[in-house]
Amino acid sequence: MIETNSNRNNAGIIAKEGYEASVAARALARSGKCPQLKGTVHELMFCDQFNANPLNIISGDKAQLTKSTTATMKDIIITRNGKVTGHAQLKDCVSNGGVSKTARQINLGHYNKTKIYGTKETAEKLAGKTNQTVHSSGVSSDTTSRIANKALGNM
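The text that follows walks through the structure, step by step, so that each part is easy to find. (Residues numbered from 1 in each chain as written. Predicted model: local features only at pLDDT ≥ 70, side-chain atom pairs only at ≥ 80, totals over all residues. Heavy atoms only, no water.)

**Some thoughts on the overall build of the protein chain**
(1) Moving on: When helices and strands are counted, the protein chain shows six helices and five strands.
(2) Moving on: Each helix and strand of the protein chain, ordered N terminal to C terminal, gives the series α-α-α-β-β-β-α-β-α-β-α.
(3) Moving on: Projecting the C-alpha coordinates of the protein chain onto the three principal axes gives extents of approximately 60 × 40 × 30 Å.
(4) Moving on: In the protein chain, the proportion of contacts linking residues at least 24 apart, taken out of those at least 6 apart, comes to 45%.
(5) Moving on: If you average the places of the 21 positive and of the 11 negative side-chain charges in the protein chain, the two averages end up 8 Å apart. (Helix = DSSP H or I, 4+ residues; strand = E, 2+ residues; numbered from the N terminus. Contact = heavy atoms within 4.5 Å. Lys, Arg positive; Asp, Glu negative; His and termini not counted. Charge placed at Lys NZ, Arg CZ, Asp CG, Glu CD.)

**A closer look at the packing of aromatic side chains**
(1) Moving on: As enumerated under the stated definition, the model contains two aromatic pairs in all.
(2) Moving on: Here the aromatic rings of Phe46 and Tyr117 are separated by 4.7 Å at their centres, their planes lie at 50°, and the arrangement is tilted. Of the two residues, Phe46 sits in helix 2 (residues 37-52) while Tyr117 sits in strand 4 (residues 115-118), which places them 71 residues apart along the sequence.
(3) Moving on: By the ring-pair criterion, three or more aromatic residues cluster together here, those being Phe46, Phe50 and Tyr117. (Phe/Tyr/Trp six-rings, centres within 6.5 Å; stacked < 30°, edge-to-face > 60°.)

**A look at the nonpolar core**
(1) Moving on: In this structure, Val41 and Ile76 are the most contacted members of the largest nonpolar core, which totals 22 residues.
(2) Moving on: The contacts of Ile76, once residues within four sequence positions are left out, are Glu43, Phe46, Cys47, Ala63, Gln64, Leu65, Thr66, Gly86, His87, Ala88 and Leu90.
(3) Moving on: Within the second largest apolar cluster, nine residues are counted, among which are Val99, Ile106, Leu126 and Val134. (Core = buried A, V, L, I, M, F, W, Y, C linked by side-chain atoms within 4.5 Å. Buried < 20%, exposed > 50% of the residue type's maximum accessible area, 1.4 Å probe, protein only.)

**Describing the sheet that holds strand 5 (residues 134-136)**
(1) Moving on: Taken together, the five strands give an open sheet; going across it, the order is 1-2-3-4-5, and neighbouring strands pair in mixed fashion. In this open sheet, the two strands that pair with only one neighbour each are strand 1 (61-65) and strand 5. Adjacent strand axes in the sheet meet at a mean angle of 35°, parallel and antiparallel pairs treated alike.
(2) Moving on: Relative to strand 5, strand 4 runs parallel, the two being bridged by three bridges. Residue pairing in the sheet places Ile116 in a bridge with Val134 of strand 5. (Pairing = 2+ DSSP bridges. Axes fitted to C-alpha atoms, helices over the stretch in contact; angles between N-to-C directions.)

**A few points about the pattern of salt bridges**
(1) Moving on: Summed over the entire model, instances satisfying the criterion amount to six salt bridges.
(2) Moving on: Among the ionic pairs, Arg146 bridges to Glu20, the shortest N-O distance being 2.5 Å. One end of the pair, Arg146, is in helix 6 (residues 141-152); the other, Glu20, is in helix 1 (residues 5-31), with 126 residues separating them in the sequence.
(3) Moving on: Two residues, Asp48 and Arg26, come together in a salt bridge whose shortest N-O distance is 2.7 Å. Taken together, the positions of Asp48 in helix 2 and Arg26 in helix 1 put the pair 22 residues apart, joining distant regions of the chain. (Salt bridge = Lys/Arg side-chain N within 4 Å of Asp/Glu carboxyl O.)

**Re the pairing of strand 4**
(1) Moving on: Two elements, strand 3 (residues 83-91) and strand 4, share four bridges in a ladder whose sense is parallel. In the strand pairing of strand 4, Leu90 is matched with Tyr117.
(2) Moving on: Assessed by its sense of winding, the connection that carries the chain from strand 4 through helix 5 (residues 120-126) to strand 5 is right-handed. (Right-handed = clockwise from strand over helix to strand, strands pointing away.)

**Description of unusual backbone geometry**
(1) Moving on: One non-glycine residue, Asn81, lies in the positive phi region at around 55°.
(2) Moving on: For Asn81, the position within the fold is in the loop between strand 2 (76-80) and strand 3.

Structural measurements only, silent on function.
Set out below in structure tokens:
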């Protein structure tokens, strides 16, 4: 049978929906039905993306969530061959209040020894407002919100 574009598109949609369902289930298992579930979704997607990167696989780098679900300064631990080589704090705030609070925290030095990643939108909104670079994780706030809302039954 000849595969059509429609079949390929459907397969892509099914794979994407399956991945997002996996992220939603893992987020609920980690954080429960909390109102800030999109932050946990962002953390999981960041780790998945980092760990799937061929350069990180070759170098032996691995990202994992901290053991504590309430860690205030480090969400992600980066290891190489079992030894800690770095930390990351992830931010997903798109409201003006959230952006100004996050900028204030960064400028007060809360994350001085931690690399900060924000969703695409968060990184854009914080650009030039902080004394530390906020890198884009490549994940969209729209995506984290959609997955969290599905997981919480808010769709």
